Amino acid sequence: MKNIQDGVFPAVCPLDCPDTCGLLLHKKDGKLVKIEGNPEHPVTKGAICNKVRHAGEWTQHPDRLTQPLKRVGPKGEGAFVPISWDEAIAEIARKLRSVSEEFGSESILPYNFYGNMGFLSVEGMNRRFFNALGASRLELTICASAGNEGWKHTMGFKGGLNPEDTVNADLIIIWGANIVSTNMHQVVLAEQARKRGAKVIVIDVHRNRTAQWGDWFIQLHPGTDSALALGIMHILFRDKLVDEDFLVRYTFGHEELRQQAQMYPPQTVSDITGVPVDDLEQLARMYGEANVSYIRIGNGLQHHDNGGMNVRSISCLPALTGQWLKKGGGALKYNGAYNALNARALERPKLRPNPRARSINMNRLAQALEMTEQPVKALFVFCSNPVVVAPEADRVRAGMQREDLFTVVHELFMTDTAKYADIVLPSTASFENTDLYASYWHHYMQLQEPVLEAPGECKSNFELFSLLGRAMGFDEEAFSQSEDEMIREALDNPANPYLNGVTLERLQAERHVKLDLTARENFLDKLPTPSGKIELYSSTLKAEGLSPLPVYEPLKEGYDGVRRPRADDPYPLNFISPPNHNFLNGTFANVEKHQRMEKGPMLQIHPLDAEARSIRDGDRVKVYNARGEIVLKAVVTDKMLPGTAISQGLWWEGEDGPQRVNVLTPDRLSDMGRGATFFSTTIQVEKLKLEEQPETVVQES
Ligand SMILES: Nc1nc2c(c(=O)[nH]1)N[C@H]1C(S)=C(S)[C@@H](COP(=O)(O)OP(=O)(O)OC[C@H]3O[C@@H](n4cnc5c(=O)[nH]c(N)nc54)[C@H](O)[C@@H]3O)O[C@H]1N2
Ligand SMILES: Nc1nc2c(c(=O)[nH]1)N[C@H]1C(S)=C(S)[C@@H](COP(=O)(O)OP(=O)(O)OC[C@H]3O[C@@H](n4cnc5c(=O)[nH]c(N)nc54)[C@H](O)[C@@H]3O)O[C@H]1N2
Ligand code: SF4
Ligand SMILES: [Mo]
């Protein structure tokens, strides 16, 4: 039932951000007039980021899609005419049936990510629908899978410490995470620790906002984090700063690791990473001598060829110093495993007629669309904007242009991806629906109930896939359940003790319900690794043919302090394209206010690299490699080491020419978890000719 009254209503931030804030929506005359943080949320406590404070401009943007559309012009041009939902559903059902009959059901590929983190939005009716259809499966590996696998080889479980405990730390290391932009409540917690004397060290390739906030910034070459971690281990063992009792009691393979770390003496590590020997010595000493130390491991350092091993190596550090026995000591990469729902109930894998259906890796969308054997003939996109966010963007676009590909996009906006659709369906925004939310960082579950009326004819993912399931004549019961019924079944997961006592009724009454962490007590005595201990030597990695011990392997495409580009190297700069402050991946990139806050797509280039190319601040530059080229505005800055250039933010196609960074990024898979390698890319940069230069000079953001 829609809530039609004005007032102030609790809500949940639906975005793919670790904080999953509690919100309050102020509603007047049926309109959203203000978004603020809910002070009653135990972790986020009323503070929210600037981008979501302004998100009313996004949900109520005049460009919101309100009707189903059918393409009338060439793919990519954006010429559409409105059609009715009945026509849209009939057309989609007809096409999916005919494609399935002619090419097999696996020629249908769903493509989504977490544009809305609600479980019903991304792991509910959609999964039931594509299961019943027998479609290809999608490996959801674009974000965090490399690092999460790396972590799991050490700890056995995709979860770390409770971030609320990190206020107790006296040393906090933020490693490859730009938390001022991407996890603001970790900053708040770290500030509390800091008031009690804690020091914050930031390890990154970029002197980003977080590095500027921390007490000490350690800068390294991209993809060299394993070497740095091994260098720290070397010094910890050498100087007897390890907790031998802990190693014996709780770890497996510490002698082997001790041997391995010997191969990473300070000078070797310094040569690889670019971190001066004195800094490395001091860093290791601070880590070894800290009473309670906490490492927040980000996603930046795992978007690399060696991303799994980077996280794997770092995840061994807390064991060396016995940190896991201390409240607030240890590390955190991802906490999603604590809130695992009953997937069998939610997703109904039993509906699938072909349990062995193929899986397609979402990082390889370009390749999937190019396949001539068992081709993809229908693509169904929702909660994602692959033309902007997926690697090998020019090839993705070429694939989307195929005339024989039937594409449906369910979206709030006419995104760069939607422009290639045959049918575009208008989606609700999360505040207009019922859904269940959990965080992959803190331990609270939350419920969203409809606060706003959906504009026009928008339908939620839940409604869309229920409707399609029934139109296709699939299992009546599965596609007729209500949101509440699905949430109840999903929360009923005897396999997950952390969900004990979390019920729909409690969520309705209390808004945020903490997971039951009793099962975490004495977790060190029952780790789900093969040895039951923290695996410094990993038998699971060995079984996969990878190094069972932490090791440094250089990037396939990219340079460290040892491997420098040759004089004739066509692409001599490392290229890193992490998120910016005011967008959430590609979300908000079409909203004028957020665009203004970001001042446009830019390339940050080091003064030495700029000088060698006669590039001045504000010049328009061509940024290219063998995959393609884009045009950005140069910002000359020493925030990176020479040899690395950075462009923040996933911009949509602009009027000024090509500006999507993923034109340049590879679709190679990472060493573990079949993850993305966005940041293991090299480029060349060239100043555009005078007549192509802009009139105004941009400011550095
Ligand atoms: N404002 C904002 N918040 C967001 C997002 C957003 O787009 N905008 N996106 C959300 C999502 S989906 C995610 S996955 C997270 C990502 O957020 P984070 O986990 O913070 O990861 P990134 O911002 O991708 O990268 C963090 C830092 O790693 C650096 N880095 C790159 N390569 C290396 C390396 O080899 N070693 C080291 N040490 N550092 C390296 C990058 O330059 C960057 O400064 O943020 C979420 N929150
Ligand atoms: N170069 C480079 N590429 C990257 C990254 C990077 O750092 N650098 N980061 C990567 C990472 S970590 C991630 S997680 C991915 C993110 O990739 P995506 O998840 O594709 O990111 P968004 O562009 O935010 O797209 C989400 C879309 O979902 C839509 N949406 C929101 N709510 C709903 C809903 O309820 N229903 C439907 N149908 N649609 C909805 C939004 O309008 C938006 O267009 O990008 C990856 N790509
Ligand atoms: S984007 Fe992140 S920090 Fe901002 S309101 Fe949403 S959950 Fe909170
Ligand atoms: Mo992500």
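Conventions used here
- Residues numbered from 1 in each chain as written.
- Chains lettered and ligands numbered in written order.
- Predicted model: local features only at pLDDT ≥ 70, side-chain atom pairs only at ≥ 80, totals over all residues.
- Heavy atoms only, no water.
- UniProt positions renumbered as here; feature names shortened; annotations may be inferred.
- Buried < 20%, exposed > 50% of the residue type's maximum accessible area, 1.4 Å probe, protein only.
- Helix = DSSP H or I, 4+ residues; strand = E, 2+ residues; numbered from the N terminus.
- Arc of directions from axis to C-beta.
- Contact = heavy atoms within 4.5 Å.
- Axes fitted to C-alpha atoms, helices over the stretch in contact; angles between N-to-C directions.
- Left-handed = near helix turned anticlockwise from the far one by under 90°.
- Nonpolar A, V, L, I, M, F, W, Y, C, P; charged D, E, K, R; others polar.
- Near = heavy atom within 4 Å.
- Polar contact = N/O pair within 3.5 Å; in protein donor to acceptor, adjacent residues only side chain to side chain.
- Areas by Shrake-Rupley, 256 points an atom, 1.4 Å probe, with all protein chains shown as cover.
- Domains from an automatic or database assignment.
- Pairing = 2+ DSSP bridges.
- Phe/Tyr/Trp six-rings, centres within 6.5 Å; stacked < 30°, edge-to-face > 60°.
- Salt bridge = Lys/Arg side-chain N within 4 Å of Asp/Glu carboxyl O.

Going by what an unreviewed UniProt entry lists, the protein chain is known as Oxidoreductase and is assigned to Paenibacillus borealis. Its UniProt record gives the protein chain the following Sequence similarities (unreviewed entry) comment, quoted word for word: "Belongs to the prokaryotic molybdopterin-containing oxidoreductase family." UniProt, in its Cofactor (unreviewed entry) section for the protein chain, records the words "Mo-bis(molybdopterin guanine dinucleotide)".

Caption draft 1: Representation of helix α12 (residues 254-261) in the model. Among all positions in α12, only His254, Leu257, Arg258, Gln260 and Ala261 are buried. One side of α12 holds all its buried residues, which, seen down the axis, span an arc of 165°. Buried positions along α12 lie against α10 (225-238), α11 (244-250), β11 (251-252) and α15 (307-320).

Caption draft 2: Expanded view of the packing of α10 against helix α14 (residues 277-289). Running from amino to carboxyl end, α10 crosses α14 at an angle of 65°, the nearest separation of the two axes being 9 Å. Considering only the axes of α10 and α14, their crossing is right-handed. Along the contact surface, α10 presents Leu228, Gly231, Ile232, Ile235, Leu236 and Arg238, while α14 presents Leu280, Glu281, Leu283, Ala284, Tyr287 and Gly288. A per-class count over the contact of α10 with α14 returns 8 nonpolar, 2 polar and 2 charged.

Caption draft 3: Quick look at the site of ligand 2. Close to ligand 2 lie 31 residues; Ser384, Glu411, Asn461, Ser577 and Thr587 are nearest. Cys383 places a main-chain nitrogen or oxygen 3.3 Å from a nitrogen atom of ligand 2. At a separation of 2.8 Å, a nitrogen atom of ligand 2 approaches a polar side-chain atom of Asn662. Expressed as a share of its isolated accessible area of 920 Å², the protein-covered part of ligand 2 is 97%. Here the shell around ligand 2 is composed, by residue class, of 14 nonpolar, 15 polar and 2 charged. Both domains that meet at the shell around ligand 2, namely domain 2 (69-142 + 360-514) and domain 4 (573-692), each give it at least three residues.

Caption draft 4: Spotlight on the pairing of strand β27 (residues 681-687). Of all 7 residues in β27, 5 are buried; the element is thus mostly enclosed. Direction of pairing for strand β22 (residues 573-576) relative to β27: antiparallel, over a ladder of 3 bridges. Bridging from a neighbouring strand, Asn574 pairs with Thr682 of β27. Across 4 bridges, the pairing between strand β24 (residues 620-625) and β27 is antiparallel. Bridging from a neighbouring strand, Val621 pairs with Lys687 of β27.

Caption draft 5: Examining unusual backbone geometry more closely. Look at Lys45: it is not a glycine, yet its phi comes out positive at around 45°. In this structure, Lys45 sits in the loop between β3 (31-37) and α1 (50-53). Located in the positive-phi region is Lys599, a residue other than glycine, with phi close to 65°. Locating Lys599 in the fold gives a position in the loop between α24 (592-598) and β23 (602-605).

Caption draft 6: Highlighting the packing of aromatic side chains. One pass over the structure, following the stated rule, counts 23 aromatic pairs. Between the aromatic rings of Trp58 and Phe588, the centroid separation amounts to 5.3 Å while the plane-to-plane angle is 70°, which identifies the pairing as edge-to-face. Here Trp58 is found in helix α2 (residues 56-59), whereas its partner Phe588 is found in the loop between β22 and α24, with 530 residues between them in sequence. Of the two residues, Trp58 and Phe588, neither departs from the other in class, the shared state being buried. Both rings, one in Trp324 and one in Phe523, keep their centres 5.9 Å apart while their planes meet at 85°; by these two values the pair is edge-to-face.

Caption draft 7: Spotlight on the pattern of salt bridges. This model, assessed by the stated rule, comprises 41 salt bridges. With its nearest N and O atoms 2.9 Å apart, the salt bridge here joins Arg506 to Glu510. Taken as a pair, Arg506 and Glu510 lie in helix α22 (residues 504-510) at a separation of 4 residues, close to a single helical turn. Residues joined by salt bridges that share partners form a network here, namely Asp305, Glu370, Glu392, Arg395, Glu557, Arg627, Asp667 and Arg668.

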